[in-house]
Amino acid sequence: ETHGPVHVTYCHSTVVRCSCFQLRVHESTGVEFRIWARSGPIIEDCRDITFAGDYFRASEVVNRRNLFWDVKDFNWLRALKKSPNFEVVPLPNEGGGAEEGTSKADDVVTAVISGEGVRMGGGDEIDEDSEDEL
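Residues numbered from 1 in each chain as written. Predicted model: local features only at pLDDT ≥ 70, side-chain atom pairs only at ≥ 80, totals over all residues. Heavy atoms only, no water.

K.L.:
I would appreciate a short explanation of the pairing of strand β8 (residues 86-89) in the present structure.
P.N.:
Successive residues of a regular strand alternate their side chains across the two faces of the sheet. Residues Phe86 and Val88 of β8 are buried on one face, while the alternating residues Glu87 and Val89, pointing to the opposite face, are not. In terms of strand pairing, strand β6 (residues 49-52) meets β8 through four bridges, oriented parallel. In the sheet register, Ala52 faces β8, and the bridge partner there is Val89. (Buried < 20%, exposed > 50% of the residue type's maximum accessible area, 1.4 Å probe, protein only. Helix = DSSP H or I, 4+ residues; strand = E, 2+ residues; numbered from the N terminus. Pairing = 2+ DSSP bridges.)

K.L.:
What is the right way to look at the side chain of Asn85 in this model?
P.N.:
As for its position among the elements, Asn85 is in the loop between β7 (72-73) and β8. A polar contact of 2.7 Å, which involves the side chain of Asn85, links it to the side chain of Asp73. Excluding residues within four positions of it along the chain, Asn85 makes contact with Ile43, Cys46, Arg47, Asp48, Ile49 and Asp73. (Polar contact = N/O pair within 3.5 Å; in protein donor to acceptor, adjacent residues only side chain to side chain. Contact = heavy atoms within 4.5 Å.)

K.L.:
Teacher, can you tell me more about the pattern of salt bridges here?
P.N.:
As a working rule, side chains carrying opposite charge can pair if their charged atoms are close by. Applying the stated rule across the entire model yields four salt bridges. One salt bridge connects Glu32 with Arg34, and the closest N-O pair in it is separated by 2.4 Å. Judged by relative accessible area, which is 27%, Glu32 ranks as partly exposed. A relative accessible area of 22% means that Arg34 is categorised as partly exposed. Between Arg34 and Asp54 there is a salt bridge; the shortest N-O distance is 2.3 Å. (Salt bridge = Lys/Arg side-chain N within 4 Å of Asp/Glu carboxyl O.)

Spelled out as structure tokens, the structure:
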């Protein structure tokens, strides 16, 4: 557990558990991160990275401040499509949502994580990147 940043470089085929303010990962492959992060993790030059938010700081009340799911891939410039370099494992649902076992917040996170697109202006259309944009 640290109250500052954690920087991981050249890590391969392992599991990392940590609680930190910020997680930065560089040049790593096949790593599973089970983290509690106060800001979204940042990856660069990484492949086959998995993030799960099931590591909780004993000194803090568990709430929605864990931003393990808000991953930024500095090698992926396409804003409306999810990077293929990482996956996010959703937390088990706490219930009480719009559907059985889900909530509105879970639905929003799922749409962002799955790369299905971004809802713009409250409409039903989903904007997608065109191949020539980037």
